[in-house]
Amino acid sequence: MNRIFFEESRSLIFAKNNEMKKESRSNRNDKSKMYPLVEKWESGSQTKASFCQAHGLSVDTFRYWYNKYKRDETGQPRGFVPLEIEQ
């Protein structure tokens with residue numbers, strides 16, 4: 001009986017952890033939530049590390065969104081760019 005209860009509890013904890021991971025991933029991939037955070041950081045005086053800690057973000061995730069924001073802001077293309085060669 002104890003083993004069955006333990007297995008059910010462990011499965012329930014595992015399921016809750018997976019839900020939390022999925023939720024945090026969806027927050028990370030949402031431009032409408034991340035771009036305002038990037039703008040808030042740019043207008044403030046905090047370091048990236050302290051800003052990320054205050055907002056529950058990893059520095060790597062914030063760096064990804066910061067670079068994406070800058071690319072969108074400047075209109076800089078991503079990846080390869082076609083070249084025209086004059087002869």
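Look up a bit, the structure's there.
Residues numbered from 1 in each chain as written. Predicted model: local features only at pLDDT ≥ 70, side-chain atom pairs only at ≥ 80, totals over all residues. Heavy atoms only, no water.

**Observations concerning the nonpolar core**
- Counting residues in hydrophobic clusters, the biggest one holds 12 residues: Met34, Tyr35, Leu37, Val38, Trp41, Phe51, Cys52, Leu57, Phe62, Trp65, Tyr66 and Tyr69.
- Where this core is concerned, the elements lending two or more residues are helix H2 (31-43), helix H3 (48-55) and helix H4 (59-74).
- Among the elements that take part in this core, H2 stands out by supplying five residues, more than any other.
- In this structure Leu37 touches Phe51, His55, Leu57 and Phe62, once residues within four positions along its chain are discounted. (Core = buried A, V, L, I, M, F, W, Y, C linked by side-chain atoms within 4.5 Å. Buried < 20%, exposed > 50% of the residue type's maximum accessible area, 1.4 Å probe, protein only. Helix = DSSP H or I, 4+ residues; strand = E, 2+ residues; numbered from the N terminus. Contact = heavy atoms within 4.5 Å.)

**Description of the side chain of Lys68**
- Examined against the element boundaries, Lys68 turns out to sit in helix H4.
- Buried charged residue Lys68 carries no salt bridge. Nearest counter-charge: Asp72, at 5.4 Å.
- With near-sequence residues (within four places) excluded, Lys68 lies in contact with Lys31 and Tyr35. (Lys, Arg positive; Asp, Glu negative; His and termini not counted. Salt bridge = Lys/Arg side-chain N within 4 Å of Asp/Glu carboxyl O.)

**A look at the pattern of salt bridges**
- Taken as a whole and assessed by the stated rule, the structure comprises four salt bridges.
- Put simply, Arg63 and Asp60 hold a salt bridge, and the shortest N to O gap is 3.0 Å. Within this pair, Arg63 and its partner Asp60 are both found in helix H4, separated by three residues, close to a single helical turn.
- When its relative accessible area of 38% is taken as the criterion, Arg63 is described as partly exposed.
- Note that Glu73 and Lys70 form a salt bridge whose closest N and O atoms lie 3.2 Å from each other. Here the residue Glu73 and the residue Lys70 both occupy positions in helix H4, the gap between them amounting to three residues, near one helical turn.
- Residues joined in a network through salt bridges with shared partners are Glu42, Lys70 and Glu73.

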